Amino acid sequence: MVSPSRFRLSLFSLLVCVSLWYDVSEAKKRSTTKPHILVVIADDYGWNDIGYNSGELSTPVLDSLAASGVKLNNYYVQPLCTPSRASLMTGRYPIRYGLQHFVIQPPFPAGLFLNETTMPQKMRESGYATHAIGKWHLGFFEWEYTPTYRGFDSYLGYWTGGESYYNHVPDGSQYVGYDFHNGTQALLSANGTYSSTWFAEEADRVVNNYARDSSSDKKPLFMYLAMQTCHEPLMMPPQPNTQRCSHLQDDNRDIFCAMTSNLDDTVGAVVKSFQSAGIWDDTLLVFSTDNGAHPQLGGSNWPLRGGKATLWK
């Protein structure tokens, strides 16, 4: 039986080892460059929500990437957002630093312990430029807990767990505040725009800046893209692809389908940015979900039992 966070531990080790292997291999004249690394995490995304597993939803970009890569069909993640992200960032079980039970809520004075070494810190040590885009959910009650203090050179996204995709305010919480940031500064111009639009544009900006850099010692890219989709609240994206979802009768599943389509399109846009910059063939892409889907909110884990917040996936 694979342990609940075995994949997270393996992914951390794999990515760090890849970067270190290229150090060694360069010394041995087997390679002269390190790969760019793109890690994409979907939110509350179930087994039956990706096209090649689903008879309902269509994800042509993700299907194509999976078909040309390696599918890990037997791995496990943590049951909730914060524990999964913490184990991904550290390569350690979240019980080691007290984040195994629940998620970090907006008013909680809590976060990933500052003495924990993070993946972007190790990537920096190995010579990477590190960029985070999207959801953080590992604490923000003091600046030292935010992404640009934890190893990332740049960050654009939101610090909490769930919020409106358009006005970027936590939904259904008595603790209301605008949460969309560029580094440590509130990005008020994002108000009114679907989050994935900003994520794709930020990824394109980072990649284009790399492509325009003509220096001989520029660093390879490590990009962590933590998508908001398909976390609640269910919100229809702009210009949804209605053809992909017209066959669905359940309202929640219909909106979830449109959000899944938006996720697929966003990943496609980011891949296109890497391709246009001429670096896609030198890029390692890892795609995963943080936990299972929420069946009451349009997601589907069929034929697996359980879902988000359960140990069954």
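In this report, we go over the structure that sits alongside the text. (Residues numbered from 1 in each chain as written. Predicted model: local features only at pLDDT ≥ 70, side-chain atom pairs only at ≥ 80, totals over all residues. Heavy atoms only, no water.)

1. Observations concerning the pattern of salt bridges
Link 1 in the chain: Tallied over the entire structure, the rule returns 12 salt bridges.
Link 2 in the chain: Linking Arg 85 and Asp 43 is a salt bridge whose minimum nitrogen-to-oxygen distance equals 3.3 Å. Separated by 42 residues along the polypeptide, Arg 85 in helix H3 (residues 81-90) and Asp 43 in the loop between strand S1 (36-42) and helix H2 (60-67) bring together distant segments of the chain. Of the two residues, Arg 85 and Asp 43, neither departs from the other in class, the shared state being buried.
Link 3 in the chain: One salt bridge in this structure joins Glu 56 and Arg 253, with 3.0 Å as the shortest N-O distance. (Salt bridge = Lys/Arg side-chain N within 4 Å of Asp/Glu carboxyl O. Helix = DSSP H or I, 4+ residues; strand = E, 2+ residues; numbered from the N terminus. Buried < 20%, exposed > 50% of the residue type's maximum accessible area, 1.4 Å probe, protein only.)

2. Here's the deal with the packing of aromatic side chains
Link 1 in the chain: For the structure shown, the criterion picks out 12 aromatic pairs.
Link 2 in the chain: Here Phe 152 and Tyr 224 contribute two aromatic rings whose centre-to-centre distance is 6.1 Å and whose plane-to-plane angle is 15°, an arrangement assigned as stacked. One end of the pair, Phe 152, is in the loop between strand S2 (129-135) and strand S3 (154-158); the other, Tyr 224, is in strand S6 (residues 221-226), with 72 residues separating them in the sequence.
Link 3 in the chain: Look at Tyr 224 and you get buried, because its relative accessible area is 2%.
Link 4 in the chain: Geometrically, the ring pair formed by Tyr 166 and Tyr 194 is edge-to-face, given 5.0 Å between the ring centres and 65° between the ring planes. Separated by 28 residues along the polypeptide, Tyr 166 in the loop between S3 and strand S4 (181-182) and Tyr 194 in the loop between strand S5 (185-186) and helix H5 (195-212) bring together distant segments of the chain.
Link 5 in the chain: Residue class for Tyr 194 comes out buried when judged on its relative accessible area of 1%.
Link 6 in the chain: Three or more aromatic residues joined by ring pairs form one cluster here, namely Trp 136, Phe 152, Phe 222 and Tyr 224.
Link 7 in the chain: Residue placement shows Lys 218 over the ring face of Tyr 210; its charged tip is 4.0 Å from the ring centre.
Link 8 in the chain: Geometry around Trp 312 places Arg 305 over its ring, the cationic atom sitting 3.6 Å from the centre. (Phe/Tyr/Trp six-rings, centres within 6.5 Å; stacked < 30°, edge-to-face > 60°. Lys NZ or Arg CZ within 6 Å of the ring centre and 35° of its normal.)

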